[in-house]
Amino acid sequence: PEDVTACLVGNGQVGFIGILAIIAGLEAAVFVQNPAKEPGNFGNPLPWWNDYSDEMRSREINNGRIAMFSAIGIIASGLYTGQPAIEQLGM
């Protein structure tokens, strides 16, 4: 299958489980919540640049929200039509 159901068959299952395992490891070991900070505040993720501020954090949170909403739309339309996202655009 070429749509989102590819993660349910064959090698797609192996890759999907591998990705979930990597995410679980990162959540358990790297992104650990500091009790002294508000929930979701992990500080500056890239210490090479000192651009961390409340404004930049708000921008990143909003960017993540838009990305999640977009991904949900792509997955839902793929499940509804049975076509990959690029084919829905007629390409």
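Residues numbered from 1 in each chain as written. Predicted model: local features only at pLDDT ≥ 70, side-chain atom pairs only at ≥ 80, totals over all residues. Heavy atoms only, no water.

*Asks:* How should the overall build of the protein chain be read in this particular structure?
*Replies:* A count of helical and extended segments in the protein chain gives three helices and zero strands. Traced from its N-terminal end to its C-terminal end, the protein chain shows the element sequence α-α-α. Relative to its length of 91 residues, the protein chain is extended, with a C-alpha radius of gyration of 18 Å against a globular reference of 12 Å. Nonlocal contacts in the protein chain, meaning residues at least 24 apart in sequence, comprise 26% of its contacts between residues at least 6 apart. For the protein chain, the accessible area works out to roughly 7,500 Å², and carbon and sulfur atoms hold 66% of it. Across the protein chain, the centroid of the 4 positively charged side chains sits 12 Å from that of the 9 negatively charged ones. (Helix = DSSP H or I, 4+ residues; strand = E, 2+ residues; numbered from the N terminus. Rg over C-alpha atoms; globule rule 2.2 N^0.38 Å. Contact = heavy atoms within 4.5 Å. Areas by Shrake-Rupley, 256 points an atom, 1.4 Å probe, with all protein chains shown as cover. Lys, Arg positive; Asp, Glu negative; His and termini not counted. Charge placed at Lys NZ, Arg CZ, Asp CG, Glu CD.)

*Asks:* Teacher, can you tell me more about a nonpolar patch on the surface here?
*Replies:* Nonpolar side chains collect at one region of the surface, where Ile22, Leu26, Val30, Phe31 and Phe42 lie side by side and expose about 460 Å² of accessible area between them. In this fold, Phe42 is placed in the loop between α1 (10-30) and α2 (54-81). Owing to a relative accessible area of 40%, Phe42 belongs among the partly exposed residues under this scheme. (Patch = residues over 30% accessible without salt bridge, like charges linked within 9 Å, V, L, I, M, F, W, Y side chains within 5 Å. Salt bridge = Lys/Arg side-chain N within 4 Å of Asp/Glu carboxyl O. Buried < 20%, exposed > 50% of the residue type's maximum accessible area, 1.4 Å probe, protein only.)

*Asks:* Which parts of the structure should I look at to understand the side chain of Arg57?
*Replies:* Here Arg57 shows up in helix α2. The contacts of Arg57, once residues within four sequence positions are left out, are Glu38, Pro39, Gly40, Asn41 and Tyr52.

*Asks:* Explain α2 here, please?
*Replies:* Residues that lie three or four places apart on an α-helix share one face, since the helix turns once every 3.6 residues. Over its 28 residues, α2 runs 41 Å from end to end, which matches the ideal 40 Å to within 8%, given 1.5 Å per residue. Within two residues after α2, Gly82 carries a phi angle of roughly 80 degrees, on the positive side. (Expected span 1.5 Å × (residues − 1).)

*Asks:* How should the pattern of salt bridges be read in this particular structure?
*Replies:* Where charged atoms from two side chains of opposite charge approach closely, those side chains can pair. Per the counting criterion, the structure on display carries two salt bridges. Between Arg59 and Glu55 there is a salt bridge; the shortest N-O distance is 2.7 Å. Of this pair, Arg59 and Glu55 both sit in helix α2, four residues apart, roughly one helical turn.

*Asks:* Even after reading the chapter, I still don't get the confidence of the model for the protein chain, so can you show me in this structure?
*Replies:* A low pLDDT score tells you not to read the predicted coordinates there in detail. Of all residues in the protein chain, 99% have pLDDT values of 70 or greater, and the mean over the chain is 86. For the protein chain, per-element mean pLDDT is lowest for helix α3 (residues 85-88), which scores 83, and highest for α1, which scores 92. (pLDDT = per-residue confidence, 0-100.)

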